[in-house]
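Listed here are the chains, written in short residue letters.
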Amino acid sequence: DKSSAYEMAEYSGIIMVLGDYKKGLDKLREAWKINKDEYKIYDVLAQNAVYNKEKIINEIKELQEDKPEDEVYKMWLAKIYSLETATSKEAEKLVLELKKKNVNGIEIKLIEAAVLQNLNKEEEGDKLIGEILEKNSDNYSVLHTAGWLYLKKHMLKEAIDYCRKSIEQNEDYPDNYAFLMPEILKDMEDGTTAAAYY
């Protein structure tokens, strides 16, 4: 469905898995044009970054050379950089640039919350995620992200709680079953139950 940002993002992910990053990022940009806040766009970036971080960063930077001020590439790089503590300073810089341009939406706030957590600004990060949850308590992607943030803090009861709430809001979202819940259960040393989620 070319009018669905979610499906276009999924399609772009498949193309990138097959090795065609240029075409994959082109399709991801189409998803972005439909809905800049579509969570699946950022899932695709995060999942690709796990296996091919340098490759996807280089491809995005190459596209950015033609349009250096385009917010799409800054958002994408901020997301990828926010995934690790070592690159969170770069993510923070991009988030500040985007906020100056009045880029709004849930995703920029979720990226900022992850960055604050990675940079040990826990009080600010907790405050921000609290505000996001208060305004978006029925949004599966916000609940899913909260699950990851609490997992990183080793607050496993809260992490599992938010993962379950995310599943209640969207039973068809696979990352709750395939990634988040198994990681929580692994931290809880409950390998038997984690296998069921896989």
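Quick caveat: nothing in here was measured; it's all calculated off a predicted structure.

K.L.:
Hey, could you run me through the overall build of the chain in this one?
P.N.:
Looking only at helices and strands, one finds 11 helices and 0 strands in the chain. Counting helices and strands in the order they occur from the N terminus, the chain gives α-α-α-α-α-α-α-α-α-α-α. Over its C-alpha trace the chain gives a radius of gyration of 16 Å, about what one expects of a compact globule, namely 16 Å for 198 residues. Referenced to the eigenvectors of the C-alpha coordinate spread, the extents of the chain come out at roughly 45 × 35 × 30 Å. The buried share of the chain, taken over its 198 residues, is 52%. By sequence separation, contacts in the chain at least 24 residues apart represent 55% of the contacts at least 6 residues apart.

K.L.:
Is there a simple way to think about unusual backbone geometry in this case?
P.N.:
Residues apart from glycine generally show negative phi values, whereas peptide bonds are mostly found in trans. Even without glycine at this site, Asn102 takes up a positive phi of about 60 degrees. Its location among the elements puts Asn102 in the loop between α5 (88–100) and α6 (106–118). Judged by relative accessible area, Asn102 falls into the exposed class, the value being 59%. Even without being glycine, His154 reaches a positive phi, approximately 60 degrees.

K.L.:
What is the right way to read the packing of helix α7 (residues 122–135) against helix α8 (residues 140–152) from this model?
P.N.:
Packed helices, taken two at a time, are described by their axes: the angle between them and the distance between them. At a closest axis distance of 10 Å, the pairing of α7 and α8 adopts a crossing angle of 155 degrees. By the angle between their directions, the pair α7 and α8 is classed as roughly antiparallel. Crossing handedness for the pair α7 and α8: left-handed. Residue-level inspection shows Ile129, Ile132 and Leu133 of α7 in contact with α8, the latter providing Val142, Leu143, Ala146 and Leu149.

Cut-offs and rules
Residues numbered from 1 in each chain as written. Predicted model: local features only at pLDDT ≥ 70, side-chain atom pairs only at ≥ 80, totals over all residues. Heavy atoms only, no water. Helix = DSSP H or I, 4+ residues; strand = E, 2+ residues; numbered from the N terminus. Rg over C-alpha atoms; globule rule 2.2 N^0.38 Å. Buried < 20%, exposed > 50% of the residue type's maximum accessible area, 1.4 Å probe, protein only. Contact = heavy atoms within 4.5 Å. Axes fitted to C-alpha atoms, helices over the stretch in contact; angles between N-to-C directions. Parallel < 35°, antiparallel > 145°, perpendicular 65-115°, else oblique. Left-handed = near helix turned anticlockwise from the far one by under 90°.

Keep in mind these numbers describe shape, not what the thing actually does.
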